[in-house]
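# Examination of the molecular architecture
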Amino acid sequence: MSSRLLTKSQLFGTTVVVTGITLAGSALNFLAQATLAYRFGAGAAIDAYSYAISLPIFLAGLAASVISYTAIPMMAQASENELRARQIGRSLSAWLMALCTIIGLLAVPAIYLQPLFVPPSRNILQYPDLGGMIFLAWIAGAIQLLTALTAAQLNADGRPVIAACLALTISSGTIAALLLFPHAGIAIAMLGLVGGSAAGAIAGLFIARSHLLPPRFSHEVRYEMVRLGKSTLWAVLALSCFASFFVIDAIWASRLGEGSLAAMGYAHRLVIGIGGMVVAGPSALFIPRLARLVAAKDGPGFRRFLSRAVGLVALIGGACALGIALFAPQIVAILFERGAFDPSDTLLVATVLRHMAPGVVTMLISVILLRAIFCLPGLGIASAGLGLLFSLCYFAFSWLMLDLGVEGLANSYSLSWTIFALCNVALILRRSRLDDSRDPSPQGETG
């Protein structure tokens, strides 16, 4: 066994630490949201803020998910060869820095083009600081790709604790900006988002500099880069499910009146924060080992680890969903009800959360299943189709249930995740080729 592989006790201990750091990150995120709620409530300012970040954060989150799901297995499999690991890391760094530059350059035209691609309500379009917030949101999205790259490298190197710490900077930047400038408009929160994102990216690049800097298009790993590039399209479609709801909400929730998009945004961030606490440990610790088990052609070990991860996530996620269903008003009141965030806002967000609760469990299970799928060959096209299916389902169900208000959008969220999770279970059971002694090699149909 490699020295990089942890013993069971070390694995458990590191999982606890990573989960604890993720808990701290979620607490910071909740504090950032609470500070926004205190200052601006759930009205027009938060509607405009949520709309401004919808498209750039969707694209950045999608790209970050692709990095996490596709690059970590590749990096982990090369971790035993230091020279090869550096070649892969620096080549990925070169590609990501080029992509960050492109996204940053799109910030100016996005001020005029985003309302065409994601049409909002007239009230949002007339908000005075909307253009500046869209510009800053695109800059923040570009920078966050670098943080995602460094976190992927650290996770692949067996340093998930440090990787988890990088995420703490983003919410910290927002909180610091809001506290240091208590009388500024909501655009100051976007400036804080940019500053926090930059801090995480710089720290991550410094820590992982031996593998990522200087960025270089490596000829030695050209084949792997080409193969990764070919699979990127399928990965983008497969992982769009984890970010597309921000854009879809910006289209539909903005039509339900002032505060509806804000309420959906608060609810999504709460669910993301809770979900991050549940899946952080299993994702950071189990997935690199699953990738190594695939490389070692250890089918029984792969299935054993996957079943443990899914079972753990389902158990904890179910408890969290039950707590949300039973105590949503109390949770929202404790976190947000102060200042400009009044009891009517609490009731609106709590209603959204309760209707989202069933989808929380299936969403968390889907995270683990998709990560396992990306460790296996031959499932690219199928997983891409399912990712696109989620976005189409959520868009269609939101449209069909729009007359029910925010409850309809929340119901479409739960229904879409349930369908998606069931389809992924069927896919991984049918297509996995890790078959013990009869077929020890992880072969499958090419995607």
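What this report covers is the structure whose coordinates are included nearby. Every chain is numbered on its own, with residues counted from 1 as its sequence reads. With the structure being a predicted model, the display of local features is reserved for residues of pLDDT at least 70 and the display and counting of side-chain atom pairs for 80 or more, all residues being used for whole-chain, interface and lining totals. As a convention, hydrogens and water are excluded, and side-chain values are obtained from all of the structure's heavy atoms.

## Topic: the overall build of the protein chain
Each helix and strand in the protein chain was counted, giving 17 helices and 0 strands. Computed over C-alpha atoms, the radius of gyration of the protein chain comes to 21 Å, within 12% of the 22 Å expected from 2.2 N^0.38 for 447 residues, which places it in the range of a compact globule. Taken along its principal axes, the extent of the C-alpha atoms in the protein chain is 60 × 45 × 40 Å. Only heavy atoms matter for contacts: two residues are in contact if any of them lie within 4.5 Å across the pair. Considering only residue pairs separated by 6 or more positions, the protein chain has 84% of its internal contacts joining residues 24 or more positions apart. Positive and negative side-chain charges in the protein chain, numbering 28 and 19 respectively, have mean positions lying 10 Å apart. Numbering of helices and strands runs from the N terminus, with a helix taken as a DSSP run of H or I at least four residues long and a strand as a DSSP run of E at least two residues long. Values of the radius of gyration come from C-alpha atoms, whereas the globule rule sets the reference at 2.2 Å times the count of residues to the power 0.38. Positive charge is attributed to Lys and Arg, negative charge to Asp and Glu, and no charge count is given to His or to the chain ends. Each charge is placed at NZ for Lys, CZ for Arg, CG for Asp and CD for Glu.

## Here we look at the side chain of Arg90
Checked against the element boundaries, Arg90 lands in helix 3 (residues 82-105). Accessible area is worked out with a 1.4 Å probe on protein chains only. A residue is then buried under 20% of its type maximum, exposed over 50%, and partly exposed in between. By definition here, a salt bridge exists when the distance from a side-chain nitrogen of Lys or Arg to a carboxyl oxygen of Asp or Glu is within 4 Å. Glu82 provides the closest opposite charge to the buried, salt-bridge-free Arg90, at an N-O distance of 8.1 Å.

## Describing the layout of surface pockets
Counted as a void, the second largest pocket has a volume near 610 Å³. In this analysis a 1.4 Å probe is tested at points of a 1 Å grid over the protein atoms alone, and where it fits but cannot get out there is a cavity; an open set with protein on both sides within 12 Å along at least five of seven lines is a pocket; lining residues have an atom within 4 Å of a point. Around the second largest pocket sit 24 residues that line it, and Trp95, Leu96, Leu228, Gly229 and Thr232 are the ones nearest its centre. When contributions to the lining of the second largest pocket are tallied by element, the ones reaching two or more residues are helix 2 (44-77), helix 3 and helix 11 (222-239). Along the lines of polarity and charge, the residues of the lining of the second largest pocket split into 17 nonpolar, 6 polar and 1 charged. Grid points are joined across faces, edges and corners, and a volume is the space filled by probe spheres set on the points. Residues are grouped as follows: Ala, Val, Leu, Ile, Met, Phe, Trp, Tyr, Cys and Pro are nonpolar; Asp, Glu, Lys and Arg are charged; every other residue, Gly included, is polar.

## A short note on unusual backbone geometry
A cis amide bond, omega -5°, links Leu213 with the succeeding residue Pro214. Residue position: Pro214 is located in the loop between helix 10 (209-212) and helix 11.

## Some details on the packing of helix 4 (residues 107-117) against helix 6 (residues 130-156)
Helix-helix packing is described using two parameters, namely the angle between the two axes and the distance between the axes. Simply put, an axis is a line fit to the C-alpha atoms, just over the touching stretch for a helix, and the angle between two N-to-C directions goes from 0 to 180 degrees. As a packed pair, helix 4 and helix 6 sit with axes 8 Å apart at the nearest point and diverge in direction by 130°. It follows that helix 4 is oblique to helix 6 by the angle criterion. For the crossing formed where helix 4 meets helix 6, the hand is right-handed. Facing Ala107, Val108, Ala110, Ile111 and Gln114 of helix 4, the residues of helix 6 in contact are Gly131, Ile134, Phe135, Trp138 and Ile139. Among the residues forming the contact of helix 4 with helix 6, the class breakdown is 8 nonpolar, 2 polar and no charged. Angles below 35 degrees are treated as roughly parallel, those above 145 as roughly antiparallel, those between 65 and 115 as roughly perpendicular, and all remaining angles as oblique. Each crossing gets its hand from how the near helix is turned against the far one by less than a right angle, where anticlockwise is left-handed and clockwise is right-handed.

## What about a nonpolar patch on the surface?
Surface patches are drawn from residues lacking salt bridges whose relative accessible area is over 30%; two like charges belong together within 9 Å, two nonpolar side chains (Val, Leu, Ile, Met, Phe, Trp, Tyr) within 5 Å. Exposure was quantified through the Shrake-Rupley algorithm and a 1.4 Å probe, taking into account, for residues, occlusion by the shown protein chains and nothing else. Taken together, the side chains of Val108, Tyr112, Leu113, Leu116, Phe117 and Phe135 present a nonpolar region at the surface, about 680 Å² in accessible area. Among the elements that make up the nonpolar patch, the one with the highest residue count is helix 4 (5 residues). For Leu113, a relative accessible area of 39% puts it in the partly exposed group.

## Some thoughts on the packing of aromatic side chains
Any two of the Phe, Tyr and Trp rings considered here, Trp counted by its six-membered ring, make a pair once their centres fall within 6.5 Å; the pair's planes then place it as stacked at under 30 degrees, edge-to-face at over 60, or tilted in between. Counting across every chain of the model gives 14 aromatic pairs. Pairing Trp95 with Phe217 gives two aromatic rings, centres 4.9 Å apart and planes at 80°, and the pair type is edge-to-face. On the criterion of sequence distance, the pair formed by Trp95 in helix 3 and Phe217 in the loop between helix 10 and helix 11 is long-range, its members being 122 residues apart. Accessibility expressed as a relative area gives 46% for Phe217, which makes it partly exposed.

## Comments concerning the pattern of salt bridges
A full pass over the atoms with the stated rule returns 2 salt bridges. Here Arg86 and Glu82 are joined by a salt bridge, their closest N and O atoms 3.5 Å apart. Of this pair, Arg86 and Glu82 both sit in helix 3, separated by 4 residues, roughly a single helical turn. Among the residues examined, Arg86 registers a relative accessible area of 33% and is labelled partly exposed. Given a relative accessible area of 33%, Glu82 falls into the partly exposed group. In this structure, the salt-bridge partner of Arg159 is Asp157, at a minimum N-O distance of 3.8 Å. Residue Asp157 is classed as buried on the basis of its relative accessible area of 10%.

## Quick notes on the state of the cysteines
When two cysteine sulfur atoms are found within 2.5 Å, that pair is recorded as a disulfide. This structure, assessed with the given rule, holds 0 disulfides. Not engaged in a disulfide, the cysteine Cys241 finds its nearest cysteine sulfur in Cys393; these two sulfurs lie 11 Å apart.

## With respect to the nonpolar core
Considering soluble globular proteins, one finds that nonpolar side chains tend to be buried as a cluster. Buried residues of nine kinds, namely Ala, Val, Leu, Ile, Met, Phe, Trp, Tyr and Cys, make up a nonpolar core once their side-chain atoms join them within 4.5 Å. Formed by 144 residues in total, the largest nonpolar core has its most connected members in Leu36, Ile186, Met190, Tyr266, Phe302 and Leu353. Residue contributions to this core peak at 19 residues, all from helix 2. Excluding residues within four positions of it along the chain, Met190 makes contact with Tyr49, Ala52, Ile53, Met133, Leu136 and Ala137.

## Overview of the packing of helix 6 against helix 9 (residues 187-207)
At a minimum axis distance of 8 Å, the contact between helix 6 and helix 9 shows a crossing angle of 25°. If you check the angle between helix 6 and helix 9, you find them roughly parallel. By crossing handedness, the relation of helix 6 to helix 9 is classed as left-handed. On the side of helix 6, the interface is formed by Met133, Leu136, Ala137, Ile139, Ala140, Ile143, Gln144, Leu146, Thr147, Thr150 and Leu154, while helix 9 contributes Ala187, Met190, Leu191, Leu193, Val194, Ser197, Ala198, Gly200, Ala201, Gly204, Leu205 and Ile207. Of the residues in the contact of helix 6 with helix 9, the class split is 17 nonpolar, 6 polar and no charged.

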